[in-house]
Number of protein chains: 2
Amino acid sequence: MNDSIGIVKTEQAHFDTELRLESGRRLGPLTIAYECYGKLNVDRSNAILVAHAWTGDAHAAGRHHEDDRRPGWWDNMIGPGKVFDTRRYFVISSNVIGSCKGSTGPTSLNPATGRAYRLNFPVVMVRDMVRAQKLLIDHLQIDKLLAVVGGSMGAMQALEWGIHFPDHVRAIVPIAGTGRTSPMSIALNALARQAIYNDPLWKKGNYRPEHPPADGFALARAVGHISFLSDTSMHLKFARRFSRMDGMFDFFGRFEVERYLDYNGSSFVDRFDTNSFLYLAKALDLYDVAWRFDSLEEALSQLVCPSLWFAFSSDWLYPPSQTEEVVEELQRQKKPVDYQLIESDYGHDSFLVEPEKFIPHLKRFLDQL
Amino acid sequence: MNDSIGIVKTEQAHFDTELRLESGRRLGPLTIAYECYGKLNVDRSNAILVAHAWTGDAHAAGRHHEDDRRPGWWDNMIGPGKVFDTRRYFVISSNVIGSCKGSTGPTSLNPATGRAYRLNFPVVMVRDMVRAQKLLIDHLQIDKLLAVVGGSMGAMQALEWGIHFPDHVRAIVPIAGTGRTSPMSIALNALARQAIYNDPLWKKGNYRPEHPPADGFALARAVGHISFLSDTSMHLKFARRFSRMDGMFDFFGRFEVERYLDYNGSSFVDRFDTNSFLYLAKALDLYDVAWRFDSLEEALSQLVCPSLWFAFSSDWLYPPSQTEEVVEELQRQKKPVDYQLIESDYGHDSFLVEPEKFIPHLKRFLDQL
């Protein structure tokens with residue numbers, strides 16, 4: 001059985017409107033990049049929105065052309081016969097605003113100046129991203145999503161959908177998320193920021209696109225990378241092996257784990273825009289579901305739809321206790337809530353690396369909707 | 001009661017000898033900076049060596065002059081009536097080689113060139129540090145230490161003493177240590193290294209002492225700082241508070257935790273040498289008690305003296321499981337071993353922040369020697 005969705009294409013929807021942001025600033029006109037997989041049914045009730053993490057994009061499944069090296073980021077979840085079965089569901093994946101993967105962000109033209117926004121781009125919150133997604137869902141003439149599902153920053157988006165558009169979503173599935181970003185997580189992002197700020201090529205965001213602050217940005221990515229892994233997954237992958245080519249007693253000799261971080265940081269520089277990375281880091285740091293509510297309790301009281309939550313035992317970026325804080329409040333409020341703590345060694349990345357561990361729960365949940 | 005040791009002075013011992021290092025290189029002549037507190041008894045049997053962590057120094061207790069702002073780093077442990085009671089014990093604290101606090105290190109003159117070693121300094125291991133300490137102990141005409149006690153890198157030194165000088169130490173107390181540095185810990189040090197390498201002022205170690213790579217070094221220190229804290233201690237200290245002076249929706253606005261990291265990173269630059277920091281990070285990364293043994297089992301079989309081990313529940317840099325790996329092997333070998341897992345919210349730093357939590361166990365252990 002061929003379970004790939006096949007060749008897909010990223011579309012763009014343009015909105016000649018201004019979004020009023022949480023900061024009070026306005027952003028518009030807007031473009032949202034998105035992909036769709038499967039067919040919308042007649043009563044337009046089978047749409048599932050999948051929401052990506054920090055450096056993700058709209059390309060969640062399939063390949064862009066025949067020799068595409070890598071499929072979309074959740075290709076193991078989306079396709080005929082998979083948990084997001086494209087014979088049953090109409091799956092939508094959209095790039096968040098603030099990113100650089102086709103939606104309006106710091107690399108977009110600022111209509112006020114005719115030049116790229118760069119640091120004139122307004123600070124956006126996850127709530128703003130979700131409001132922009134709502135424009136896309138309206139554009140697709142879908143009144144009510146069957147579900148919003150996402151990991152990490154995608155989990156935040158799922159929760160915001162449930163709370164701010166209770167009439168337009170039938171269920172949410174936040175995976176490896178948090179109700180509010182912890183100071184530890186902010187501190188790690190602060191390291192990433194400072195790594196970029198320290199690079200003379202950054203020029204306060206005014207780098208030339210062909211000369212990004214590569215050294216600083218690669219280091220920033222390495223900070224993130226470490227926080228997505230776990231002590232155990234690093235032991236499994238690298239142990240204490242020394243890099244084959246380097247001398248252990250050379251000052252510049254490296255362990256395998258260092259070489260890996262170097263390599264991945266450097267290759268990332270070509271795939272993402274530095275300013276966009278910083279804006280999304282800011283959105284992550286500012287995330288607090290209780291923002292503009294009196295309390296976590298009040299915020300969560302707005303959620304009416306069923307929710308399914310996953311946390312991973314070895315995730316130290318958004319540890320299970322942070323999901324449990326939210327789940328326990330929902331339980332106290334007698335909301336329909338299901339929580340699964342998944343044993344996995346792969347840290348925060350588990351939601352991408354070991355989907356087979358939570359897919360059965362997710363499938364059961366979707367079948368019951 | 002005045003329980004301070006009072007005014008103290010750092011001494012230096014010079015050794016006109018060459019130390020053969022684990023790398024095969026030779027280092028000498030050597031200088032070891034040290035401080036002593038209390039009085040050596042007649043049979044020279046009451047000496048306790050305290051071993052410092054990464055950026056520590058010989059100044060473990062008391063003050064250097066009347067208006068000294070801060071006492072030594074373990075002043076709450078060393079003094080009349082304290083756990084290292086200077087009315088009973090003769091306490092020795094020495095600066096490790098590779099550091100910049102008075103012992104031979106990258107800032108010392110290379111006798112071969114008449115100029116500072118900088119990156120011509122040889123890579124040293126913790127085992128080399130301990131061999132240099134042995135020169136000092138011999139110089140003080142002490143044949144057998146009552147105990148070697150230390151936290152973090154100090155714990156590694158204590159363990160090495162027990163294994164490589166079994167006839168010269170009556171007990172060891174490794175606190176918040178590990179038997180071998182994990183890839184997670186190496187990865188964090190790799191971030192710190194890269195932060196320094198990225199700074200144009202670093203100049204491959206040839207920075208002018210008055211113009212150190214301050215931005216990169218401050219960032220490197222911030223990496224360390226995060227790993228010494230815990231999610232809980234950051235919550236207690238900073239929560240999600242935004243910096244009073246900054247705007248939440250300003251691109252450059254900061255959370256309190258960021259301001260703290262900035263401040264501490266920057267102030268550290270004036271207190272430590274960048275190259276020394278890198279050499280000590282390397283020594284930490286290379287640490288493996290089984291180095292030059294066939295196995296952990298064989299290495300630990302060399303330990304004959306009683307040992308007392310402390311780990312802290314919230315320490316994620318050297319988590320309790322790493323101490324337990326060593327302790328369990330010692331138990332299997334029926335060695336005299338005592339292990340205390342201390343509940344503390346202060347992460348790796350707990351050994352400096354909450355000594356009152358382990359002092360009673362330590363006191364009992366010392367009393368029994």
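Just so you know, these numbers come straight off a predicted model, no measurement behind them. (Residues numbered from 1 in each chain as written. Chains lettered and ligands numbered in written order. Predicted model: local features only at pLDDT ≥ 70, side-chain atom pairs only at ≥ 80, totals over all residues. Heavy atoms only, no water.)

Asks: Just give me the short version of the packing of aromatic side chains, but keep the residues and values in it.
Replies: Two measures describe an aromatic ring pair: the distance that separates the ring centres and the angle between the ring planes. Counted according to the given criterion, the structure contains 45 aromatic pairs over all chains. A ring pair is formed by F217 of chain A and F277 of chain A, whose centres lie 5.1 Å apart and whose planes are at 75°; its orientation type is edge-to-face. With a gap of 60 residues between them, F217 of chain A in helix α4 (residues 214-228) and F277 of chain A in helix α7 (residues 274-286) connect regions that are remote in the sequence. Like F277 of chain A, F217 of chain A is buried. Ring geometry for F251 of chain A and F252 of chain A: centres 5.0 Å apart, planes at 80°, overall edge-to-face. Above the face of the F252 of chain B ring, K204 of chain A is positioned so that its terminal group lies 5.0 Å from the ring centre. Taking NZ or CZ as reference, R221 of chain A lies 4.1 Å from the ring centre of F268 of chain A, over its face. (Phe/Tyr/Trp six-rings, centres within 6.5 Å; stacked < 30°, edge-to-face > 60°. Helix = DSSP H or I, 4+ residues; strand = E, 2+ residues; numbered from the N terminus. Buried < 20%, exposed > 50% of the residue type's maximum accessible area, 1.4 Å probe, protein only. Lys NZ or Arg CZ within 6 Å of the ring centre and 35° of its normal.)

Asks: Residues and numbers for the interface of chain B and chain A, please.
Replies: If you look at the interface, chain B gives 59 residues, while chain A gives 59 residues. For chain B, the biggest contributors to the area lost against chain A are R240, F249 and F251 of chain B; these three give 17% of the whole. At the boundary of chain B with chain A, the tally comes to four salt bridges. A salt bridge links R240 of chain A to D288 of chain B; the shortest N-O distance between them is 3.9 Å. Inspection of the region where chain B meets chain A yields 18 residue pairs in polar contact (both at pLDDT 80 or more). Counting only elements with at least two residues in the side of chain B that touches chain A, the list comes to α3 (183-197), α4 (214-228), α5 (231-237), α6 (256-269) and α7 (274-286) of chain B. Ranked by residues supplied to the side of chain B that touches chain A, first place goes to α3 of chain B with 11 residues. Residues belonging to the side of chain B that touches chain A are distributed by class as follows: 36 nonpolar, 10 polar and 13 charged. (Contact = heavy atoms within 4.5 Å. Buried area = accessible area lost by both parts, 1.4 Å probe. Salt bridge = Lys/Arg side-chain N within 4 Å of Asp/Glu carboxyl O. Polar contact = N/O pair within 3.5 Å; in protein donor to acceptor, adjacent residues only side chain to side chain. Nonpolar A, V, L, I, M, F, W, Y, C, P; charged D, E, K, R; others polar.)

Asks: A description of the sheet that holds strand β13 (residues 307-312) of chain B should follow, citing residues and the corresponding values.
Replies: All names here are of chain B. If you trace the eight strands from one edge of the open sheet to the other, you get β1-β4-β8-β5-β11-β12-β13-β14, paired in mixed fashion. On the outer flanks of this sheet lie β1 (11-15) and β14 (337-342), each paired with one strand and no other. This sheet shows a mean twist of 20° between the axes of neighbouring strands, independent of strand direction. The sheet contact formed by β13 and β14 spans six bridges and is parallel. (Pairing = 2+ DSSP bridges. Axes fitted to C-alpha atoms, helices over the stretch in contact; angles between N-to-C directions.)

Asks: Could you give an account of the pattern of salt bridges, with specific residues and numbers?
Replies: Residue and element names in this part refer to chain A. Within this structure, the stated rule accounts for 38 salt bridges over all chains. Here E22 makes a salt bridge to R131, at a shortest N to O gap of 2.8 Å. Within this pair, whereas E22 is found in the loop between β2 (19-20) and β3 (26-27), its partner R131 is found in helix α1 (residues 126-139), the two being separated by 109 residues in sequence. Judged by relative accessible area, E22 falls into the buried class, the value being 6%.

Asks: Outline the packing of helix α3 (residues 183-197) of chain A against α4 of chain B, supporting the account with residue identities and numerical values.
Replies: Angle between the axes and distance between the axes: these two values describe a pair of packed helices. Two elements in contact, α3 of chain A and α4 of chain B, have axes separated by 10 Å at closest approach and are oriented at 165°. Relative to α4 of chain B, α3 of chain A is oriented roughly antiparallel. Seen along the crossing, α3 of chain A lies across α4 of chain B with a hand that is left-handed. Two secondary-structure elements touch here, α3 of chain A through M184, A187, L188, L191, Q194 and A195 of chain A and α4 of chain B through L219, A222, V223 and I226 of chain B. When grouped by side-chain class, the residues that make up the contact of α3 of chain A with α4 of chain B number nine nonpolar, one polar and no charged. (Parallel < 35°, antiparallel > 145°, perpendicular 65-115°, else oblique. Left-handed = near helix turned anticlockwise from the far one by under 90°.)

Asks: Hey, could you go over the relation of the copies chain B and chain A for me, with residue numbers and the actual values?
Replies: In the superposition of chain B on chain A (RMSD 0.0 Å, axial shift 0.0 Å), the rotation amounts to 180°. Expressed as a symmetry operation, the mapping of one chain copy onto the other fits a two-fold axis. Of the C-alpha atoms belonging to chain B, the one lying closest to the rotation axis is found on A195 of chain B, 3.3 Å away. Interface overlap between copies is the fraction of interface residues in one copy that are interface residues in the other; for chain B against chain A it reaches 100%, indicating a shared surface. (Least-squares fit on C-alpha atoms with pLDDT ≥ 70 in both.)

Asks: Let's hear about helix α2 (residues 153-164) of chain A: which residues, and what values?
Replies: Residue and element names in this part refer to chain A. Here α2 spans 16 Å end to end across 12 residues, near enough to the 16 Å set by a 1.5 Å rise per residue. A large share of α2 lies buried, amounting to 11 of its 12 residues. Of the positions making up α2, those classed as buried are M153, G154, A155, M156, Q157, A158, L159, E160, W161, G162 and I163. (Expected span 1.5 Å × (residues − 1).)

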